[in-house]
Amino acid sequence: MAGAGAHLRAGQVARQAGVNRETLRYYERRGLLAEPDRSPGGHRVYTDEAVTTLRIIKAAQRLGFRLEEIADLIDVSRHRHGHRPDPGLQARATAKLTEIAARINDLQAIRANLTDAVSAGCDDLTTCARTDYCPIPFVDITAPAPADGAR
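Residues numbered from 1 in each chain as written. Predicted model: local features only at pLDDT ≥ 70, side-chain atom pairs only at ≥ 80, totals over all residues. Heavy atoms only, no water.

Participant: Sorry, what's going on with the overall build of the protein chain here?
Facilitator: What the protein chain contains, in helices and strands, is 7 helices and 2 strands. Secondary structure elements in the protein chain, listed N-terminal to C-terminal, are α-α-β-β-α-α-α-α-α. Out of the 151 residues belonging to the protein chain, those deemed buried represent 24%. In the protein chain, the share of contacts with a sequence separation of at least 24, taken over all contacts with a separation of at least 6, comes to 51%. Here the protein chain displays about 10800 Å² of accessible surface, and carbon together with sulfur accounts for 55% of that area. (Helix = DSSP H or I, 4+ residues; strand = E, 2+ residues; numbered from the N terminus. Buried < 20%, exposed > 50% of the residue type's maximum accessible area, 1.4 Å probe, protein only. Contact = heavy atoms within 4.5 Å. Areas by Shrake-Rupley, 256 points an atom, 1.4 Å probe, with all protein chains shown as cover.)

Printed below as a string of structure tokens:
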């Protein structure tokens, strides 16, 4: 069996990593988690490394990385075999910080608009949209974003 550590079954791995069995299988199909060896009885047999990988996936998701990005990070990590740090992680984390900052700005604008709508007593979006004093910027919200992604 590849890797060191305990020989764990799917349910044990899922419990230790805080996921369900379907998630475990999904990550295998997506290539995020290596296909496990099989016991003589045909059961999937995992090592402790699978639990670690699942925890990394869940932590990376919580940090805002999409599964495609996580797959890339895991792939780079697998191919360097622990020899040298991947400078790409720093670049990816920096790019993610920029993306998150933009999302926070968007959410703050949404919050301000909703707060204004509540303060103005808006009860009906259709009626509100037809008035000049409606605090919800319907035109700005529905206008297409510029091609360069700037707002």
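From this point on, the discussion continues.
Participant: What am I meant to see in the nonpolar core here?
Facilitator: Nonpolar side chains tend toward joint burial in soluble globular proteins. Among the nonpolar cores identified, the biggest contains 21 residues, and Val13, Tyr46, Leu54, Ile57 and Ile70 are the most heavily contacted of them. Counting only elements with at least two residues in this core, the list comes to α1 (10–17), α2 (21–30), α3 (48–62) and α4 (67–80). In terms of residue count, α3 provides more of this core than any other element does, 5 residues in total. The contact partners of Leu54, leaving out residues within four places of it in the chain, are Val13, Ala17, Val19, Leu24, Tyr27 and Leu33. (Core = buried A, V, L, I, M, F, W, Y, C linked by side-chain atoms within 4.5 Å.)

Participant: Hey, could you run me through α3 in this one?
Facilitator: Residues separated by three or four positions in an α-helix point in the same direction, a consequence of the helix having 3.6 residues per turn. Across its 15 residues, α3 extends 21 Å between first and last C-alpha, which sits within 8% of the 21 Å expected from 1.5 Å per residue. Where α3 is concerned, the buried positions are Ala50, Val51, Thr53, Leu54, Ile57 and Ala60. One or two positions beyond α3, positive phi appears at Gly64, with a value near 100 degrees. (Expected span 1.5 Å × (residues − 1).)

Participant: So what exactly am I meant to see when it comes to the packing of α1 against α3 here?
Facilitator: Pairs of packed helices are described in terms of their axes, by the angle between the two and the distance that separates them. As a packed pair, α1 and α3 sit with axes 9 Å apart at the nearest point and diverge in direction by 40 degrees. Classified by the angle their axes make, α1 and α3 are oblique. Relative to α3, the crossing made by α1 is right-handed. Contacts between α1 and α3 involve Val13, Gln16 and Ala17 on the former and, on the latter, Ala50, Val51, Leu54 and Arg55. Partitioning the contact of α1 with α3 into residue classes produces 5 nonpolar, 1 polar and 1 charged. (Axes fitted to C-alpha atoms, helices over the stretch in contact; angles between N-to-C directions. Parallel < 35°, antiparallel > 145°, perpendicular 65-115°, else oblique. Left-handed = near helix turned anticlockwise from the far one by under 90°. Nonpolar A, V, L, I, M, F, W, Y, C, P; charged D, E, K, R; others polar.)

Participant: Even after reading the chapter, I still don't get a nonpolar patch on the surface, so can you show me in this structure?
Facilitator: Nonpolar side chains collect at one region of the surface, where Leu107, Ile110 and Leu114 lie side by side and expose about 310 Å² of accessible area between them. Tracing the sequence through the fold places Leu107 in helix α5 (residues 87–119). (Patch = residues over 30% accessible without salt bridge, like charges linked within 9 Å, V, L, I, M, F, W, Y side chains within 5 Å. Salt bridge = Lys/Arg side-chain N within 4 Å of Asp/Glu carboxyl O.)

Participant: Whenever I open this one, the confidence of the model for the protein chain confuses me. Can you help?
Facilitator: Fine structural detail should not be taken from predicted coordinates in areas where pLDDT scores are low. Averaged over all residues, the pLDDT of the protein chain is 82; the fraction at 70 or higher stands at 79%. Looking at the elements of the protein chain, mean pLDDT is at its lowest for helix α7 (residues 138–142), recorded as 60, and at its highest for α1, recorded as 95. (pLDDT = per-residue confidence, 0-100.)

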